[in-house]
Structure formats: structure tokens, C-alpha cells
Amino acid sequence: DLSMGGMQLATKNSGDSLGFNVEWEVNDSLKLAFDYHNSSAESRPDSHLGSAGVLGVAAYVRGNTTVDYSGEIPIVNVQLPPGMSSVPASAALVTGSVFQNSYNKSEVEQLQADGRFEFGDYSGLDFGIAATEVNNRTAAAVMQRDTWGGVGTPGDYDDSIWTADNMSRYFDSFGNSNNPMWTDDFLVFDFERLRQAAIAVSGCASCYEMPTQFTDDLRTTEKSKSAYLQYTTSFDWSMPLDVAVGVRYEQTDVDSSALVRIANGISWDSANELYVTYQPGQGFTELEGDYDYFLPNLDMALHVTDEIVARASYSETIGRPGWQQIQGGQRLANIVRVDGGDGSSGNPGLEPLLSRNFDLSLEWYYGESSYASIGYFRKNIKNFISDTIVRETPFNLHTPVGGAYWNAALADGCAAGDMVCIRNYIFTNYAGSPGVTVTGTDSSGALTGSIVGQPGDPIAGFDITIPANQRSDHLDGFEVNVQHVFGESGFGLAANYTKVDSGLTFDNSDLGTQYPMIGLSDSANLVAFYDKNAWQVRVAYNWRDEFLNGIGGGGTPPNPNWTEEYGQVDAIISYEVMENLTLSLEGINLTDETQRIHARHENMVRFATQTGPRYMFGVRYRF
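This structure is a prediction, so every number in the text was calculated from the model and none was measured.

Caption draft 1: Examining the overall build of the protein chain more closely. Across its full length, the protein chain carries three helices and 34 strands. By principal-axis analysis of the C-alpha atoms, the protein chain measures approximately 95 × 55 × 50 Å. Looking at the 623 residues of the protein chain, the share that counts as buried comes to 39%. Summarising the internal contacts of the protein chain: among those between residues at least 6 apart in sequence, 71% fall at separations of at least 24.

So this is what it looks like as C-alpha cells:
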């Protein structure tokens, strides 16, 4: 099959925020402040079809297929049947479908009280307490119809539903998109007409809309309390010295409850895919976690001259796990391959990342609005959080792969990789036996049905991705900043460069388990600007070196996902017509840059996209 598909997205997002704050100057020495804030954000489907409805489509016209990975994007070449130069609408039909009901809600309630007491010698004591409660909920239900062999026949679908298109025109900024070997034609379609046609052919309207009862419901509550003290003072020596020393206490409790589906089997329903089946009903599991830390800090600024400042600081900080990382509940991917499946699980017991930070910098303020600085930083990291992949056998699910029926097919001459031969052999010789159900034939004449793993068949293994606190390591580097304004002309330049190094990197040549830091890379920015009278003009070049954005996406051992180095030019021009009225024109990615993500080698393309330049015109009026 030459597989295609289309998606209809319909999501409604809403947010509410209510806050109150007050400041009280008790006397000349004591000032107090109080702040309360309550915010919520919600995302829900905006259609009876769900937040995401997908119709899988196939045309059974694919012959020998080759891929050339040597260029910027992979070039797929498909041998079509004799006399066929493109994929015709008359050969297309609906296959599988997925209609998803996704719901997310986040609520944050914060209470904070701060104060400062100033002593007679101009030193002062800052203090405060805070309490925060964060509630996150993510729930989902999926109607997945695994009829990947096809629903009906191509003749059941009106050819006028389909429209021919060419993929290369969406990737014309890549150098090899005009390769004549690219079989780039595909079919797009009227989503609603095709959905109605699939309902008519299948006789199942509920198979093509979202389910309303959640099968996965993950909830977390994170409660944090904190308090801090910080003393600030200055020493009027030959070179004045400013000092701030303090400590912060953080205490956090995590509660996680998860409603997940209970798997009860594996069914082989089409040539290339097996599927996890589930028993009716679910139950909530409850998990907890907690941690507390004392976090000291020391900051010093030495005024070497009126223009030069040297700074040094030490601090201890924490980085809390993301809310998705602390969700409990194990979830399995529906599709299973010959070598097993995938899944994921959160970990409410995660400790936060603890970083001991050292910073040194030298700053030179050599003119009005002009300066240059250089800084060195080092972070000694503990409790580093990274995804680990563990091979498990959840629910002890029997798979037909390698089972008695499978082995009988191999013994009678089927090759181990010929899934069609093995299925046909089992259907022909074991129809009606336990776990073997024949339902008919597909458009190519092959038998269709399901083959379910039976007791005595092998237990399926799953690669379960679990976030965990990993080894300790360091991160260090330096940064350079400069800004120069050319007198009273309004013209100026600003530039910065950051160089980062760490032991928490991924080694492409290492096929073992690794725990790298995500998102670590060098970066640089160069900005030219004009700011005078009614005009403001800014042109910026922003660059980021290659970085690791995650691990996974298939492969044993798991492969990395490298986001390749990327730079783009953006610009904005604004003009203040009058005191309250401003016009603006903004251009993003003016040089039409493209982005790629690859695995261990640059030819292993995972993702490629072009957005093209984007332009926005704005009018702002302040009352």
C-alpha cells in the first residue's frame, strides 16, 4: 500500500487569571508587600469529531520502493503499475482511522508575602514566604479503527472526493526537492465527505467520531512552600563592594493519580502491524513524592572604577521536574511490531535537578548605553533528570510472533520476514482455531482477519520510557556581550556569544544506555538597531548550534534526535504616528531558512520543514 492520510484539528483553548497585590510602607525603614494570584488554562475539543481526527488512506499501487538519503531530504521512488504515472483517485480508499478526545487543564494558585527592612547604614534585610499549589490534569480517549487493510473497495468512494497534489512544492527551499526520481504525488481530500463515505461503507457512525468517556486520566497536585532571607550591604573601601548573602527554603509534596487502560492481549490484524487489546474498565492508581532543600546564595559586585564592575556569585538552585514527568500511570502504544512495542510512564518520586552555580564576570560601561562584558559560569549538577528506556513485559501479553502458528508457517517454507505469507498460511490452515478469525478478503484478494496471541506463545517485550534522576556532572562555559551606540545618531549594534560545555552529552558511537542533557548548545545573536524620535528599527540574526532535543523514535538501541544548527534573520520597523498611535511591520525568517532533525548520522532524517518568510503588520492605539 502507498499510505497517505489527512487530519482535522479542532481545539478550543481558554485561560483565566485573577490577581491582587498591595504594598504597605509601614515606616521609613520597613516596607511590606502581599500578592495573591489564581490562574487556570484549559484545552478541550471543539468538535464532535474530537481534538484530532485522522483518516488513513491507501492506494494499493506500490511496487519496488527505494529511498535516496544522501540529500537534504530523503527522495522516495515508487514503481507504479504499467501505464500509471501518478497515484489515481480511482485506486484510493479509507484504511484505519483515529479520532481523539484530548482534555488538558492546569490551575495555579499562588500566595506570597515579602518585606524589606533597611538599617541606618544603608544595609537591608529582605524576607518573604510563599505557597503555591499547581494542579494539572490530562485526559484522553481514542477511537482507533485498525482496518488498515481497507474499508470496502476503491469503487465505494467517489473520485471527486480526492484532489491530486505534489509534495515537492511544499519543500522547494531544500536543494534536492526537484529531484526527478521523487515520486512526490499524493492525494488530499474533502475530510467530511470522505468520513461520511467511510460511515456508509462500514455502517459504523461511532467509529468515525471521538469517544466521550476518558480511558486515560492523569492528575497531579504539586504543593510547594518556601521562605527566604537575604542581607544586603555595601563596603565603602577604595573600591566599593556590594554584597548580598541569603538562604531560601523550598518544600514540595507531589500527589499523582492515574486512570489507565488494562491491556489483555495482542492481536495481529494487518500484515505489518499488531495491536494491543484492552479489557473493559479501569482503575485509579495513587503515587506520591516529596522533597525539601535549603538553597544558599552569595553575590558580590566590586566597583573597580566608575566604568568597570567585577562580579562574583555562588548559588544553589533547583529545577523542578516537568508536570508530565511526574504523572503516574503506564501507557502502551497501540501498535506493536514484530520485535515488541513501546510505552511510557511518569515518575512522581523524581527529585528536582540541583545545581550549584558559580559565576564570574567583568563589565565595562564605556559610554552612555554602550558596554562590553565577559563572563564565566559553571554549574555542578546533581539529580539530573533524563529519560531511561527499560525493557519490560507489562501485563504478560502473549504475542503470535514466534508462537505455534507462526513457527508452523516457517517450517512449511515462509520466510521469517514475509508477514503476508505467514498470515495467509495461518488463515488457510488454522481458521477457526483458538485466536484465529477470518473476516474476508482485501482488495488484493488476500485473506483478512485477526490472529491473537495464545497461552504458550512468547511474552511481548516493551521499551518503556521512564524519567529518572541520573548521574551528577557539570556544565560550564563563557559568554561575551557588547553593545555600542553611535553617539546621538540613534544607530547601534549589539552582539552576544555563549559557549557551553558539559559531560552530559550524547556520543553517537556509543550503542549503550546514555543519559545526556537535552537542549545543550552554543548560541549567538547580532542585532543592528535604530531608535530615534518616532522611528524604531531592529534587524537581528539569531543562531543556535546543533543540539540534542530528545532520544527515541525507533531503533535498538534508541537513537538520538539532533536539531541541526540554525540561524535566521528577523526585522521589525515601527513608527509612532502620534503619542498614542504606533504602526509596525515585522518580518520573520527573511532569508527563508529550513530546519532538519536527524539521528546518529545527518542522512538519518527524522524531520524536515520549511516555514518560509512571514510578515505581520500591526496598529497599536493606547487609550
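Picking up where we left off.
Caption draft 2: Local environment of the packing of helix α2 (residues 404-411) against helix α3 (residues 419-430). α3 packs onto α2 with a crossing angle of 110 degrees between their chain directions and a minimal axis gap of 9 Å. One element, α2, and the other, α3, form an angle in the roughly perpendicular class. Counting all contacts with α2, which are made through Tyr405, Trp406, Ala408, Ala409 and Leu410, the residues of α3 involved are Met419, Ile422, Tyr425, Ile426 and Tyr430. Residue classes in the contact of α2 with α3 are distributed as ten nonpolar, no polar and no charged.

Caption draft 3: Inspection of α3 at higher detail. With twelve residues, α3 should reach 16 Å at 1.5 Å per residue; the first-to-last C-alpha distance of 16 Å fits that figure. Where α3 is concerned, the buried positions are Met419, Ile422, Arg423, Tyr425, Ile426 and Phe427. Close packing links the buried residues of α3 with β12 (241-270), α2, β21 (436-441) and β22 (447-452). Taken from the residues just after α3, Gly432 is the one with a positive phi, measuring 90 degrees.

Caption draft 4: Quick look at the state of the cysteines. Going through the model one piece at a time under the given rule, you end up with two disulfides. A disulfide bridge connects Cys204 with Cys207, and the sulfur atoms are separated by 2.0 Å. Judged by the sign of its S-S torsion, about 75 degrees, the cystine formed by Cys204 and Cys207 is right-handed. Across this residue pair, the class does not change: Cys204 and Cys207 are buried. Sequence-ordered numbering of the bonded cysteines in the protein chain gives a pairing of 1-2, 3-4.

Caption draft 5: Region of interest: the side chain of His598. Considering the arrangement of structural elements, one finds His598 in strand β32 (residues 594-598). At 2.8 Å, the side chain of His598 forms a polar contact with the side chain of Glu564.

Caption draft 6: Examining a nonpolar patch on the surface more closely. There is a patch of nonpolar side chains on the surface, built from Trp535, Ile573, Tyr575, Val577, Met578, Leu583, Leu585, Phe617, Val619, Tyr621 and Phe623 and spanning about 1,200 Å² of accessible area. When residues of the nonpolar patch are traced back to their parent elements, those giving at least two are β30 (566-578), β31 (581-588) and β34 (614-621). In terms of residue count, β30 provides more of the nonpolar patch than any other element does, four residues in total. The topology assignment puts Ile573 in strand β30.

Caption draft 7: Geometry of the pattern of salt bridges. For the structure shown, the criterion picks out 19 salt bridges. The shortest N-O distance in the salt bridge between Asp126 and Arg116 comes to 2.9 Å. One end of the pair, Asp126, is in strand β8 (residues 124-145); the other, Arg116, is in strand β7 (residues 92-118), and ten residues separate them in sequence.

Caption draft 8: Broad picture of the sheet that holds strand β20 (residues 385-392). Strand order across the open sheet formed by four strands is β15-β17-β23-β20, with mixed pairing between neighbours. Two strands close off the open sheet at either side, each with one partner strand: β15 (330-332) and β20. With strand direction ignored, the average angle separating the axes of adjacent strands in the sheet is 25 degrees. Here β20 pairs with strand β23 (residues 462-469) via eight bridges, running antiparallel. Residue pairing in the sheet places Val390 in a bridge with Ile464 of β23.

Caption draft 9: Region of the structure containing unusual backbone geometry. One non-glycine residue, Asn533, lies in positive phi territory at about 55 degrees. A positive phi is found at Asp592, a non-glycine position, where the angle reads about 55 degrees. Structurally, the position occupied by Asp592 is in the loop between β31 and β32. Residue classification places Asp592 among the partly exposed residues on the basis of a relative accessible area of 29%.

Caption draft 10: Summary view of the sheet that holds β32. Taken in spatial order, the four strands line up as β28-β29-β32-β33 in an open sheet, and their pairing is antiparallel. In the strand order of this sheet, the two ends are held by β28 (547-551) and β33 (605-610), each with one partner. The sheet shows a mean angle of 20 degrees between the axes of neighbouring strands, taken without regard to direction. Pairing of β28 with strand β29 (residues 560-563), which is carried by four bridges, proceeds in the antiparallel orientation. Across the sheet, the residue bridging to Leu548 is Trp562, located in β29.

Caption draft 11: Representation of the side chain of Thr498. As for its position among the elements, Thr498 is in strand β25 (residues 491-502). Setting aside its immediate chain neighbours within four residues, Thr498 contacts Phe377, Phe478, Glu479, Asp522 and Ser523.

Caption draft 12: Representation of the nonpolar core in the model. In terms of nonpolar packing, the biggest core is built from 31 residues, with Tyr157, Trp162, Phe189, Leu194 and Tyr208 touching the most fellow members. Contributions of two or more residues to this core are made by β1 (2-9), β4 (52-59), β7, β10 (185-189) and α1 (191-202). In terms of residue count, α1 provides more of this core than any other element does, five residues in total. Not counting residues up to four positions away in its chain, the partners in contact with Tyr208 are Leu49, Leu55, Val94, Ser97, Phe99, Arg145, Val151, Arg195, Ala198, Ile199 and Ser202. In terms of nonpolar packing, the next biggest core, distinct from the first, is built from 25 residues, Trp268, Ile422, Phe427 and Ile451 among them.

Here is what the cut-offs are and how they apply
Residues numbered from 1 in each chain as written. Predicted model: local features only at pLDDT ≥ 70, side-chain atom pairs only at ≥ 80, totals over all residues. Heavy atoms only, no water. Helix = DSSP H or I, 4+ residues; strand = E, 2+ residues; numbered from the N terminus. Buried < 20%, exposed > 50% of the residue type's maximum accessible area, 1.4 Å probe, protein only. Contact = heavy atoms within 4.5 Å. Axes fitted to C-alpha atoms, helices over the stretch in contact; angles between N-to-C directions. Parallel < 35°, antiparallel > 145°, perpendicular 65-115°, else oblique. Nonpolar A, V, L, I, M, F, W, Y, C, P; charged D, E, K, R; others polar. Expected span 1.5 Å × (residues − 1). Disulfide = S-S within 2.5 Å. Polar contact = N/O pair within 3.5 Å; in protein donor to acceptor, adjacent residues only side chain to side chain. Patch = residues over 30% accessible without salt bridge, like charges linked within 9 Å, V, L, I, M, F, W, Y side chains within 5 Å. Areas by Shrake-Rupley, 256 points an atom, 1.4 Å probe, with all protein chains shown as cover. Salt bridge = Lys/Arg side-chain N within 4 Å of Asp/Glu carboxyl O. Pairing = 2+ DSSP bridges. Core = buried A, V, L, I, M, F, W, Y, C linked by side-chain atoms within 4.5 Å.

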